[in-house]
Amino acid sequence: MKSKIILITGATGGIGKETARALARQGHTVVIHGRNKVKTQQVCEEIKSETGNIKVDMLLADLLLLSDVKYMADEFKKKYDRLDVLINNAGAMMNKNRETTKEGLEKTIVVNLLAPFLLTELLLDVLAKSPSARIINVSSEMHKRGGKPDFKDFQLENSYSCARAYGLAKLYLIWISRHLITEIKEKGLGHVTVNFVHPATTNTNFGLDSDKGFLANLIFRVVMPFSLTPEQGAETSIYLATSDEVEKVTGQYYGTKKKLAKVDDKYYSAENEKIVWDYCKQITGPYLDIKVLATDGNLTITEGIL
Ligand SMILES: NC(=O)c1ccc[n+]([C@@H]2O[C@H](COP(=O)([O-])OP(=O)(O)OC[C@H]3O[C@@H](n4cnc5c(N)ncnc54)[C@H](OP(=O)(O)O)[C@@H]3O)[C@@H](O)[C@H]2O)c1
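A look at the overall build of the chain
Thinking step 1. Counting its regular elements, the chain contains eight helices and nine strands.
Thinking step 2. For the C-alpha atoms alone, the extent of the chain along its principal axes is close to 50 × 50 × 40 Å.
Thinking step 3. For the chain, with 306 residues in total, the buried portion stands at 55%.
Thinking step 4. Restricting the contact set of the chain to residue pairs at least 6 apart, pairs at least 24 apart contribute 74%.

The structure is reproduced here in structure tokens:
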């Protein structure tokens, strides 16, 4: 297997960290994305010393901020002129009450949908330079639990619950992954594949640092210890990232143990897919055209039309 350049978001813990560890062990260049500098450095050092692979690098961005996503993509391109595998792994379930970011967007929709959408768009040119590129979007079986989409209320101002927001964001992530395949083909980039996965319930930090309400908090704490280990949760992402078996496979939904799974297409139509795609494009559009010169989480200095 040829050495690949692999970028994994949310690789400082849980499934992302185990994905990074396994891919570093295979000898690839692994770029670990995190939001906390000290934690990300520690994870890099841990993986380097454990695997003996010194090609473990890091990038920082708070994925709640689209300006940070833009900055991260620019930083990646300063160091690398090619990307072989992008794993949009980072994700989160938020608090029981709706919250917005400094950029005015609902947090769940940003971190689980808009951030991976924007990062992928911004990195498509370097993915195109790979002889055989792969995009892996980490979704969830919770895509079946978000309820009926309301395209007049993408920001969930009228019907927010943390489970609905998360479920819809993960459903839309599947739809935009499908749409991306069409876009990629139209751009003549047939060598870039897009697949999406659900890791099943895995014993990580997922959902433990938000207040989802008494009962939901309790369920998370009770169920997590009996679920998959992070290594098991990472198995399918690792497989999709590097296995020759899936080199040409695109548009598929995988579950645990590298097995194909079934998307709930109750609300799916090509038209709805396009509505979600256009929404993501509209919201992230300004960040595709600007240059973020610096960001410290509070202040973003930009050139362009933001
Ligand atoms: N665990 C499950 O049962 C389960 C089931 C289905 C799907 N999933 C999906 O699997 C993926 C990985 O989840 P996990 O279980 O490994 O969860 P986790 O242990 O909570 O790890 C999530 C990762 O995402 C990062 N992250 C979260 N919010 C971020 C933000 N605003 N900016 C930058 N990074 C951020 C975290 O960074 P920090 O280390 O700084 O917190 C961490 O590295 C997610 O997409 C999740 O939705 C998980």
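That was the structure; now back to the text.
With respect to the packing of aromatic side chains
Thinking step 1. Taken as a whole, this structure holds 12 aromatic pairs when the rule is applied.
Thinking step 2. Ring centres 4.8 Å apart and planes at 70° place the aromatic pair F117 and W277 in the edge-to-face group. Here F117 is found in helix α4 (residues 107–128), whereas its partner W277 is found in helix α8 (residues 270–289), with 160 residues between them in sequence.
Thinking step 3. The buried category is assigned to W277, whose relative accessible area is 3%.
Thinking step 4. The side chain of R178 reaches across the aromatic face of Y268, ending 4.6 Å from its centre.
Thinking step 5. A cation over a ring is seen here: K212 above F220, with NZ or CZ 4.6 Å from the ring centre.

Some words on the layout of surface pockets
Thinking step 1. Looking at the second largest pocket, its volume works out to about 230 Å³.
Thinking step 2. Taken together, 13 residues form the lining of the second largest pocket, with K2, K4, D84, P131 and S132 sitting closest to its centre.
Thinking step 3. When its residues are assigned to classes, the lining of the second largest pocket shows two nonpolar, four polar and seven charged.

Observations regarding the sheet that holds strand β1 (residues 5–8)
Thinking step 1. On the basis of which strands lie adjacent, the open sheet formed by seven strands has the order β3-β2-β1-β4-β5-β6-β7 and parallel pairing. With partners counted over all chains shown, the strands left at the sheet margins are β3 (56–60) and β7 (253–254), one partner each.
Thinking step 2. Sheet contacts for helix α3 (residues 66–79): β1, β2 (29–34) and β3; angle to β3, the most-contacted strand, approximately 150°.
Thinking step 3. Contacts from helix α5 (residues 162–186) reach β5 (133–138), β6 (192–197) and β7, with the element oriented near 165° to β6.

Things to note about α4
Thinking step 1. With 22 residues, α4 ought to run about 32 Å at 1.5 Å a step, and its terminal C-alpha atoms sit 30 Å apart, in line with that.
Thinking step 2. Along α4, the sharpest kink reaches roughly 40°, centred on L122.

Let's talk about the nonpolar core
Thinking step 1. Counting residues in each nonpolar core, the largest one holds 66 residues, and the members touching the most others are L7, F76, L83, L114 and L123.
Thinking step 2. Of all the secondary-structure elements, those providing two or more residues to this core are β1, α3, α4, β5, α5, β6 and α8.
Thinking step 3. If sequence neighbours within four positions are ignored, L7 has contacts with V31, H33, L59, M72, F76, L83, V85, L86, I87 and L123.
Thinking step 4. Ranked by size, the runner-up nonpolar core spans 27 residues in total, among them I15, I47, M58 and Y239.

Remarks on the pairing of strand β4 (residues 85–88)
Thinking step 1. The two faces of β4 match: V85 and I87 on one face and L86 and N88 on the other face are all buried.
Thinking step 2. Bridge count for β1 against β4 is three bridges, and the pairing is parallel. Each bridged residue has a counterpart across the sheet, and for I6 the counterpart in β4 is V85.
Thinking step 3. Alignment of β4 against β5, held across four bridges, turns out to be parallel. From the neighbouring strand, I87 faces β5, where its bridge partner is I136.
Thinking step 4. Traced from β4 through α4 to β5, the parallel crossover comes out right-handed.

What counts and what doesn't
- Residues numbered from 1 in each chain as written.
- Predicted model: local features only at pLDDT ≥ 70, side-chain atom pairs only at ≥ 80, totals over all residues.
- Heavy atoms only, no water.
- Helix = DSSP H or I, 4+ residues; strand = E, 2+ residues; numbered from the N terminus.
- Buried < 20%, exposed > 50% of the residue type's maximum accessible area, 1.4 Å probe, protein only.
- Contact = heavy atoms within 4.5 Å.
- Phe/Tyr/Trp six-rings, centres within 6.5 Å; stacked < 30°, edge-to-face > 60°.
- Lys NZ or Arg CZ within 6 Å of the ring centre and 35° of its normal.
- 1 Å grid on protein atoms, 1.4 Å probe; cavity = no way out; pocket = protein on both sides within 12 Å on 5 of 7 lines; lining within 4 Å.
- Points joined across faces, edges and corners; volume = space filled by probe spheres on them.
- Nonpolar A, V, L, I, M, F, W, Y, C, P; charged D, E, K, R; others polar.
- Pairing = 2+ DSSP bridges.
- Axes fitted to C-alpha atoms, helices over the stretch in contact; angles between N-to-C directions.
- Expected span 1.5 Å × (residues − 1).
- Bend = angle between axes of the 7 residues up to and from the residue.
- Core = buried A, V, L, I, M, F, W, Y, C linked by side-chain atoms within 4.5 Å.
- Right-handed = clockwise from strand over helix to strand, strands pointing away.

These figures capture arrangement, not role.
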